[in-house]
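Structural characterization, general
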Amino acid sequence: MSEQAPGVRIGGLTVVYKTPAGELPAVRDISLTLEPGSITGIVGESGSGKSTLALSLLNAVQPPGRIAAGSVEIDGLGDVAGLKGEELRKARGKHIGYVFQAAQNSLNPLKTVGKQLLDLGRSHGVEDLRGLVREAKELLGRMGLDGTRVLDSHQHELSGGMRQRVGIMLALVLNAHLVVLDEPTTALDMITQANILKIVREVHAERGLTTLVITHDIGVVAEVADRLAVMYGGRLVEQGPTREVLGSPRHPYTRGLIRAIPQLVGDIDEAQALPGRPPTLATVPKEGCVFRERCPLRMDVCDDVDPEAVSDGPRVVACHAVNVKEHA
Ligand SMILES: Nc1ncnc2c1ncn2[C@@H]1O[C@H](COP(=O)(O)OP(=O)(O)OP(=O)(O)O)[C@@H](O)[C@H]1O
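Residues numbered from 1 in each chain as written. Predicted model: local features only at pLDDT ≥ 70, side-chain atom pairs only at ≥ 80, totals over all residues.

Looking at an unreviewed UniProt entry, one finds the chain named Peptide/nickel transport system ATP-binding protein, with Nonomuraea solani as its source organism.

**Examining the sheet that holds strand 8 (residues 210-215)**
Note the cut-off: Pairs of strands are assigned from DSSP output, requiring at least two bridges between the strands. Helix numbers and strand numbers start at the N terminus; a helix is a DSSP run of H or I with at least 4 residues, a strand a run of E with at least 2. The axes used here are C-alpha line fits, helices contributing only the stretch in contact, and every angle between their N-to-C directions lies in the interval 0 to 180 degrees. This entry defines residue contacts through backbone-placed C-beta atoms, with two residues in contact when those atoms are within 7 Å.
If you walk across this open sheet you meet the eight strands as 6-7-8-3-9-10-12-11, and the pairing is mixed. At either end of the open sheet lies a strand with only one pairing partner, and these are strand 6 (96-99) and strand 11 (310-312). Neighbour-to-neighbour, the strand axes of this sheet turn through a mean angle of 15 degrees, independent of strand direction. Inspection of the sheet shows strand 7 (residues 178-182) paired to strand 8 by five bridges, in the parallel sense. Bridge pairing links L178 to T210 in strand 8. The sheet strands contacting helix 6 (residues 160-172) are strand 6 and strand 7, and the helix crosses strand 6 at an angle near 170 degrees.

**A closer look at the environment of E202**
By the element assignment, E202 lies in helix 7 (residues 190-207). Counting along the chain gives 59 residues from E202 to I261, while the straight-line C-alpha distance between them is 26 Å.

**Re the pairing of strand 1 (residues 8-19)**
Pairing of strand 1 with strand 4 (residues 65-74) involves eight bridges; the strand directions are antiparallel. The residue bridging V15 from the neighbouring strand is I67, located in strand 4. Here nine bridges tie strand 1 to strand 2 (residues 22-34), and the two strands are oriented antiparallel to one another. Within the sheet, the bridge partner assigned to T19 lies in strand 2 and is G22. The loop that links strand 1 with its antiparallel partner strand 2 comprises two residues.

**Some words on the environment of V284**
You can see V284 is positioned in the loop between helix 11 (262-265) and helix 12 (301-304). Residues V284 and P109, spaced 175 residues apart in sequence, show a C-alpha to C-alpha distance of 38 Å. Apart from residues no more than four positions distant in its own chain, V284 is found in contact with G233, G234, P279 and V290.

**Description of the site of the ligand**
What counts is decided by this rule: A residue counts as near a molecule or strand when its C-beta atom, positioned from the backbone, falls within 6 Å of it. Think of it as three bins: nonpolar holds Ala, Val, Leu, Ile, Met, Phe, Trp, Tyr, Cys and Pro, charged holds Asp, Glu, Lys and Arg, and polar takes everything else, Gly as well.
Close contacts around the ligand come from 17 residues, with A26, S46, K50, S51 and T52 the closest. Elements that contribute at least two residues to the shell around the ligand include exactly strand 1 and helix 1 (50-56). Of all the elements, helix 1 adds the most residues to the shell around the ligand, at three residues. Its residues assigned to classes, the shell around the ligand comprises four nonpolar, twelve polar and one charged.

**Regarding helix 6**
Note the following rule: The span expected for a helix works out to 1.5 Å for each residue beyond the first. Counting other C-beta atoms within 10 Å of its own, a residue is labelled buried from 20 upward, exposed at 12 or fewer, and partly exposed in the gap between, with every C-beta atom placed from the backbone.
Helix length check: helix 6, at 13 residues, gives a terminal C-alpha distance of 19 Å against a target of 18 Å (1.5 Å per residue), a fit within 8%. Taking burial as the measure, the 13 residues of helix 6 include twelve buried ones, the bulk of the element. Regarding helix 6, the residues found buried are G161, M162, R163, Q164, R165, V166, G167, I168, M169, L170, A171 and L172. On its buried face, helix 6 is in contact with strand 6, helix 3 (113-123), helix 4 (129-142), helix 5 (147-151), strand 7 and helix 7.

**Thoughts on the pairing of strand 8**
Note the cut-off: With the strands aimed away from the viewer, a crossover counts as right-handed if its path from the first strand over the helix to the second runs clockwise.
For strand 8, a buried count of six out of six residues is recorded, marking the element as mostly surrounded by other parts of the structure. Here strand 8 shows two buried faces, one formed by T210, L212 and I214 and the other by T211, V213 and T215. With respect to chirality, the unit in which strand 7 leads through helix 7 into the neighbouring parallel strand 8 is right-handed.

**As for the environment of R165**
Take R165: it is sitting in helix 6. You can call R165 buried: it has 29 C-beta atoms within 10 Å. Expressed as a C-alpha distance, the spacing of R165 and A187, which sit 22 residues apart in the sequence, is 9.8 Å. The residues touching R165, leaving out its near neighbours within four places in the chain, are L140, M143, L145 and I196.

**Some details on unusual backbone geometry**
That bond from P63 to P64 is cis: its omega, 10 degrees, falls within 30 degrees of zero. For P64, the location among the structural elements is in the loop between helix 1 and strand 4. Residue N59 is not a glycine yet carries a positive backbone phi of 50 degrees. Mapped onto the fold, N59 is located in the loop between helix 1 and strand 4. A positive phi angle, close to 45 degrees, is found at E183, a residue other than glycine.

**Things to note about the sheet that holds strand 2**
In space, the four strands of this open sheet follow the order 2-1-4-5, with antiparallel pairing throughout. Every other strand in the sheet has two partners, leaving strand 2 and strand 5 (78-79) as the edge strands with one partner each. Sheet topology places strand 4 next to strand 5; two bridges connect them, and they run antiparallel. Bridging across to strand 5, I74 finds its partner in G78.

Take a look at the structure:
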């Protein structure tokens, strides 16, 4: 892969998990482009399929899950949905930096962070291991940690927030140009969170990265992302430039998500929780719109016909009610 920010084109991606009721889709027919050099945020409530989509970028969906259809084209790597074995292992880490959702718990409890860093470097053929350690310390220092101390520590000696920052360091240290951050700031207090998001933005700009941030917290996306994609029940319901989507959300789900956030609404008394609960794999409707059970704009057609994603300039919305209104 080139030393520049790669573009990523996800096309018609469907990922299923095997369940007692058969194989059910957690991600269904999703198409999404990550422009080179952009930060894209994916938001949605728990269970909407965000992590499954992110894992597909590394072809790392584990059984009982599998990519059932579609492609994930990454510039310089080709369709990673078709990569296997050694090729795939090399692509991970070196080309794609990844912070897993449970970053606080993903370190090896028996080895110091420094030893794990060296293992990571060796397994990706890094020759200048001293340089790697220097880089790791620099990144940890920027995130407000004492790099030397952290590298000498075992997992149990670090707080959840410190482990999370170690996870971010490990995702960035190999100089991958595509970086996927799954809930990068969940264990952090507000001030540390703001600081980490600032560093994510800085490193993104300095190194020329393409970055994907997965979060249930729309405030995080508002803070960092150029583009925003909203997932519900395994479908992408709305996407567009972050400012436009947050400023004038079109899909009723996006509107509901935004109305539920006091910081974005501007007044805690105005914030209204989104009624109802998101579907699970077993309850997500197989036909029609996945959001209809909670939708204030529900129409008859929503029961039978899955709304198509309709583009309007940089905005894309999949909703019968919105698209009828705006294209009438
Ligand atoms: N290993 C698995 N086996 C069966 N179902 C799974 C498995 N992993 C995830 N799922 C289901 O797939 C759906 C999507 O899960 P996923 O973790 O991708 O969502 P998410 O939006 O990232 O949610 P969260 O923020 O809670 O992680 C959920 O209904 C989840 O229960």
